[in-house]
Amino acid sequence: MSAQNLAKRRTAPEILARKGGEPIVSLTAYSAALAPLVDPVVDFILVGDSLGMVEHGMESTLGVSLDLMIAHGRAVVNSTAEALIVVDMPFGSYEASPEDAFRAAARVMAETGCGAVKLEGGAHMAPTIAFLADRGIPVMAHVGLTPQAVNALGGFRSQGHDAAAREKILGDAMAVAGAGAFAVVIEGVVEPLAEEITRTVAIPTIGIGASAACDGQILVLNDMLGLTARVPKFVKRYGAIGEAVSEAVKAYAGEVRGRTFPAAEHTYKPRG
Ligand code: KIV
């Protein structure tokens, strides 16, 4: 990546400065095939560990490794020029101690060229967020339904169904904001909790299945494009790319089986 390329990209401080302003648009992306199509339109791209499920067929995000995140993060950074790229810290790479988190996050930043990392967790992760932020690593936090805690939460379920749970999630968001996170993803919480969090914290809230009142929104790219068979209830499909791919594959197979492939205009002609 050239210095010029770096200078053009959106930055974590620019996202922070958007609190309460123009809505922040974001999507996940994982590959050099799709990230460049997303790049000119969004403010930031998250290389989410959801890639374990939507790109690698895993049951949850728990099996995603640091090396896998770095490989996808590098592909997305190399193929984009404008959006801030945020790379997810995978399960097991940051929870044990702030020092472990720093070593893993430093690898992600150095080996991908991304501009920030994201990690899951609220109040209990606040010391780690402060440790990373103090050492020059911009951190996006993630509260509410945190998929890496799927086993502790008893499944991929919406959160905040009673007053104590809502209080806890609000406290989590306040703790990560106080620790120096530049933004916080709020996933899968009941209305109007995300609206209250958005009013309360001084950093942008990025909603996913949370509330239209958040400072910005994010969706998993494969879900909104129609590339995944089953999607969460809150996901609106903006494309039917899965169907388009199936049609193209069937058209190709039909030509091969009918011996009409390749059409004459797609063959090389002798030069002489
Ligand atoms: O991994 C991911 O894609 C995420 C988003 C759902 C926010 O964390």
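The rules behind each value
Residues numbered from 1 in each chain as written. Predicted model: local features only at pLDDT ≥ 70, side-chain atom pairs only at ≥ 80, totals over all residues. Heavy atoms only, no water. Salt bridge = Lys/Arg side-chain N within 4 Å of Asp/Glu carboxyl O. Helix = DSSP H or I, 4+ residues; strand = E, 2+ residues; numbered from the N terminus. UniProt positions renumbered as here; feature names shortened; annotations may be inferred. 1 Å grid on protein atoms, 1.4 Å probe; cavity = no way out; pocket = protein on both sides within 12 Å on 5 of 7 lines; lining within 4 Å. Buried < 20%, exposed > 50% of the residue type's maximum accessible area, 1.4 Å probe, protein only. Contact = heavy atoms within 4.5 Å. Polar contact = N/O pair within 3.5 Å; in protein donor to acceptor, adjacent residues only side chain to side chain. Patch = residues over 30% accessible without salt bridge, like charges linked within 9 Å, V, L, I, M, F, W, Y side chains within 5 Å. Areas by Shrake-Rupley, 256 points an atom, 1.4 Å probe, with all protein chains shown as cover. Axes fitted to C-alpha atoms, helices over the stretch in contact; angles between N-to-C directions. Parallel < 35°, antiparallel > 145°, perpendicular 65-115°, else oblique. Left-handed = near helix turned anticlockwise from the far one by under 90°. Nonpolar A, V, L, I, M, F, W, Y, C, P; charged D, E, K, R; others polar. Points joined across faces, edges and corners; volume = space filled by probe spheres on them. Lys, Arg positive; Asp, Glu negative; His and termini not counted. Charge placed at Lys NZ, Arg CZ, Asp CG, Glu CD. Pairing = 2+ DSSP bridges.

Topic: the pattern of salt bridges
One pass over the structure, following the stated rule, counts nine salt bridges. In this structure, the salt-bridge partner of Arg10 is Asp43, at a minimum N-O distance of 3.4 Å. You can see Arg10 sitting in the loop between helix H1 (3-8) and helix H2 (12-16) and its partner Asp43 sitting in the loop between helix H3 (35-38) and strand E2 (44-47), a full 33 residues away along the chain. Among the salt bridges present, the one from Asp67 reaches Arg107, with a minimum N-O distance of 2.9 Å. Here Asp67, found in helix H5 (residues 66-78), pairs with Arg107, found in helix H6 (residues 98-112); they are 40 residues apart in sequence, far enough to count as distant. Through salt bridges with shared partners, one network takes in Arg10, Arg18 and Asp43.

Some remarks on the UniProt feature "binding site: 3-methyl-2-oxobutanoate" (unreviewed entry) in the protein chain
According to UniProt, the "binding site: 3-methyl-2-oxobutanoate" (unreviewed entry) feature falls on Asp49, Ser50, Asp88 and Lys118. Taken along the chain, the residues just named run across 70 residues; in space they keep tight, none of their C-alpha pairs more than 12.4 Å apart. Narrowing the list just given to those that line the largest pocket leaves Asp49, Ser50, Asp88 and Lys118. Structurally, Ser50 can be placed in the loop between E2 and helix H4 (51-54). Note on Ser50: relative accessible area 15%, which makes it buried. Aside from chain neighbours lying at most four places away, what touches Ser50 is Thr28, Tyr30, Thr61 and Val220.

As for the environment of Gln159
Structurally, Gln159 can be placed in the loop between helix H8 (150-153) and helix H9 (163-179). With sequence-adjacent residues up to four places away left out, Gln159 is seen in contact with Gly144, Leu145, Leu153, Ile169, Gly188, Val189 and Val190. Side-chain polar atoms of Gln159 contact the backbone oxygen of Arg157, separated by 2.7 Å.

What about a nonpolar patch on the surface?
The grouping of Leu227, Ile241, Val245 and Val249 at the surface amounts to a nonpolar patch, some 300 Å² of accessible area in total. Within the fold, Ile241 resides in helix H12 (residues 241-257).

Quick notes on the packing of helix H7 (residues 126-134) against H9
Direction vectors running N to C along H7 and H9 enclose 20 degrees, while the axes themselves pass 8 Å from each other. Judged on the interaxial angle alone, H9 and H7 are roughly parallel. Every pair of crossing elements has a handedness; the one defined by H7 and H9 is right-handed. Residues Ala126, Ile129, Ala130 and Ala133 of H7 lie in contact with H9, whose contacting residues are Ala175, Val176 and Ala179. Each residue belonging to the contact of H7 with H9 can be placed in one class, and the counts come to seven nonpolar, no polar and no charged.

Some points on the layout of surface pockets
Roughly 1,100 Å³ of internal volume is contained in the largest pocket. Around the largest pocket, the lining comprises 39 residues; the ones closest to its centre are Met53, Phe156, Glu187, Asp223 and Pro232. Listed by contribution, the elements that provide at least two residues to the lining of the largest pocket are H4, strand E6 (183-187) and strand E8 (216-219). Partitioned by chemical class, the residues of the lining of the largest pocket number 18 nonpolar, eleven polar and ten charged.

Regarding a negative patch on the surface
Taken together, the side chains of Glu167, Glu191, Glu195 and Glu196 define an acidic patch exposed on the protein surface. Within the fold, Glu167 resides in helix H9.

So, the sheet that holds strand E4 (residues 116-118)
Read around the closed barrel, the eight strands follow the order E1-E2-E3-E4-E5-E6-E7-E8; overall the barrel is parallel. Within the sheet, the average angular offset between the axes of one strand and its neighbour, ignoring direction, is 25 degrees. Sheet analysis places strand E1 (residues 24-28) next to E2, joined by three bridges and oriented parallel. Counterpart to Thr28 in the pairing with E2 is Leu46.

Focus: unusual backbone geometry
In this structure, the amide linkage connecting Glu191 to the following residue, Pro192, adopts the cis form with an omega of -5 degrees. Its place among the elements puts Pro192 in the loop between E6 and helix H10 (193-200). We note that Arg259 has phi near 55 degrees; this positive angle belongs to a residue other than glycine. Position of Arg259 among the secondary structure elements: in the segment after H12. Overall, the relative accessible area of 76% leaves Arg259 in the exposed class.

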